[in-house]
Amino acid sequence: MVSDEQKKQNHKERQQKLKEKVDERIAAATEDKGLLLVITGNGKGKSTSGFGMITRSVGHGLKAGIIQFIKGTWECGELNLLKQHGVKSHVMNTGFTWETQNKEADTAAAQLAWQEAKLLLQDPDIHIILLDELTYMVTYGYIELDDVIEALNNRPAMQHVVITGRACHRKLIELADTVSEVQSIKHAFDNGIRVQKGVDW
Ligand code: ATP
Ligand code: MG
């Protein structure tokens, strides 16, 4: 039988070893860099993650920009708030593509939003940019993948960019520094519950 005292001691030793390993890894990570982050997958939490990073940045006094490539039917709570804190933003003036059903209009709206995104991507005073739902623009061919890659590669060295949306193109995933895939385990919508203010928009 292992005594309670021995269990406590074993736990302490394991935690101490773990702390040493974590401290080593923290000490080894010394670089600073403008990061490209991709938040993709079918689960809920992609845009809220992107908006969360913008909010964090604004909380630190950093300058941020947001381009929303698909305007939902509901106004966006985070954007309402962040605009009051000087965040530059542009919202594509069309709804979901299955609602507009007009490829030319969608392409024109996407291109307009992309021009605004490119201005931010050339501005060294902007610390972080959220390109919300950009993945669909590339998938639908509204914006050229090569154009996106070029603009990302030529952006200021310390500028962070967050791309969100399902089914992100493989080349953007390769280019990114940090990629998270949000997996859906269940969603209230599947049980007939409509979108809820504050949780979904
Ligand atoms: P959020 O903005 O809540 O972080 P998201 O960006 O991950 O969500 P989108 O695909 O952009 O997800 O969809 C936005 C809307 O669709 C939100 O209202 C969200 O709750 C809902 N939604 C997200 N994932 C699912 C899902 N797996 N099934 C049904 N509805 C979903
Ligand atoms: Mg989203």
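Within any chain, residue numbers begin from 1 and follow the written order of that chain's sequence. Chain letters start at A and ligand numbers start at 1, both assigned in the order the entries are written. Reporting of local features is limited, given that this is a predicted model, to residues whose pLDDT is at least 70; pairs of side-chain atoms are given and counted only at 80 or more, and all residues count toward the totals for whole chains, interfaces and linings. Calculated side-chain values reflect all of the structure's heavy atoms, with hydrogen atoms and water omitted.

Draft legend 1. Spotlight on the site of ligand 1. In these notes, residues near a molecule or strand are those with any non-hydrogen atom within 4 Å of it. Near ligand 1 there are 14 residues, and of these Lys44, Gly45, Lys46, Thr48 and Asp200 occur at the shortest range. Nitrogen and oxygen atoms within 3.5 Å of one another constitute a polar contact, given that in protein one can donate a hydrogen and the other can accept it, and given that sequence-neighbouring residues count only through two side-chain atoms. Contact between ligand 1 and Asn42: a nitrogen atom at 3.0 Å from a main-chain N or O atom of the residue. One of the side-chain nitrogen or oxygen atoms of Thr48 is found 2.7 Å away from an oxygen atom of ligand 1. Classifying every residue of the shell around ligand 1 gives 2 nonpolar, 7 polar and 5 charged. The classification used treats Ala, Val, Leu, Ile, Met, Phe, Trp, Tyr, Cys and Pro as nonpolar, Asp, Glu, Lys and Arg as charged, and all other residues, Gly among them, as polar.

Draft legend 2. Looking closely at the nonpolar core. Counting 32 residues, the largest nonpolar core has Phe69, Leu131, Met137 and Ile143 as its most contacted members. Secondary structure is summarised from DSSP: a helix means a run of H or I of at least four residues, a strand means a run of E of at least two, and numbering begins at the N terminus for each. For this core, the secondary structure elements donating two or more residues are β1 (36-40), α5 (103-121), β4 (128-132), α6 (134-139), α7 (145-153) and β5 (160-164). The element that contributes the greatest number of residues to this core is α5, accounting for 7 residues. For this analysis, residues touch if any pair of their heavy atoms sits within 4.5 Å. Contacts of Phe69, omitting those with residues within four sequence positions, involve Met92, Ala110, Ala113, Trp114, Ala117, Leu131, Asp132, Glu133, Leu134, Met137 and Ile143. Throughout this description, the term nonpolar core refers to a set of buried Ala, Val, Leu, Ile, Met, Phe, Trp, Tyr and Cys residues connected via side-chain atoms within 4.5 Å. Each residue gets one of three labels from its accessible area relative to the maximum for its type: buried under 20%, exposed over 50%, partly exposed in between, using a 1.4 Å probe on protein chains only.

Draft legend 3. Looking closely at the state of the cysteines. Note on terminology: disulfide denotes any pair of cysteine sulfur atoms within 2.5 Å. Inspection of the entire model under this criterion finds 0 disulfides. Here Cys76 is not cross-linked by a disulfide; its sulfur's nearest cysteine counterpart is in Cys168, at 20 Å. On the accessibility criterion, Cys76 (15% relative accessible area) is buried.

Draft legend 4. Focus on the packing of aromatic side chains. Two rings from Phe, Tyr or Trp (for Trp, the six-membered ring) form a pair when their centres sit within 6.5 Å of each other. Planes less than 30 degrees apart are called stacked, planes more than 60 degrees apart edge-to-face, and all others tilted. Inspection of every chain in the model, using the stated rule, returns 2 aromatic pairs. Centre to centre, the rings of Tyr136 and Tyr140 are 6.3 Å apart; their planes meet at 40 degrees, and the pair counts as tilted. For Tyr136, a relative accessible area of 16% gives the class buried. We classify Tyr140 as partly exposed; its relative accessible area is 28%.

Draft legend 5. Just the pattern of salt bridges, in detail. We count a salt bridge whenever a side-chain nitrogen from Lys or Arg sits within 4 Å of a carboxyl oxygen from Asp or Glu. This structure, assessed with the given rule, holds 5 salt bridges. Ionic pairing is found between Lys44 and Asp200, a salt bridge with its closest N-O pair at 3.9 Å. Placement of the pair is Lys44 in the loop between β1 and α2 (46-59) and Asp200 in the segment after β6 (178-181), with a sequence separation of 156 residues. When its relative accessible area of 31% is taken as the criterion, Asp200 is described as partly exposed.

Draft legend 6. Region of the structure containing the coordination of the magnesium ion (ligand 2). Of the protein atoms, only Ser47 (OG) and Glu133 (OE) coordinate the magnesium ion (ligand 2), at distances of 2.0 to 2.1 Å. Remark: Glu133 occurs in the loop between β4 and α6 and Ser47 occurs in helix α2; sequence separation between them is 86 residues. Across the pair, exposure class does not vary: Ser47 and Glu133 are buried alike. For Na, K and Ca the donor cutoff is 3.2 Å, while for all other metals N, O and S atoms must lie within 2.8 Å; water is not among the atoms, so some sites may look incomplete.

Draft legend 7. Structural view of a nonpolar patch on the surface. The residues that make up patches have over 30% relative accessible area and no salt bridge, and they are joined within 9 Å when like-charged or within 5 Å when they are Val, Leu, Ile, Met, Phe, Trp or Tyr. Methods summary: accessible areas were calculated by the Shrake-Rupley approach with a probe of 1.4 Å, and residue burial reflects only the protein chains presented. Among the surface-exposed residues, Leu18, Val22 and Ile26 lie close enough to one another that they form a single nonpolar patch of about 280 Å² accessible area. Within the fold, Val22 resides in helix α1 (residues 4-28). Accessibility expressed as a relative area gives 41% for Val22, which makes it partly exposed.

Draft legend 8. Focus on the side chain of Asp123. Relative to the helices and strands, Asp123 resides in the loop between α5 and β4. Charge assignment in this entry is limited to Lys and Arg as positive and Asp and Glu as negative, and neither His nor the chain termini are counted. For the buried residue Asp123, which engages in no salt bridge, the nearest side chain bearing the opposite charge is Lys88, 4.1 Å off.

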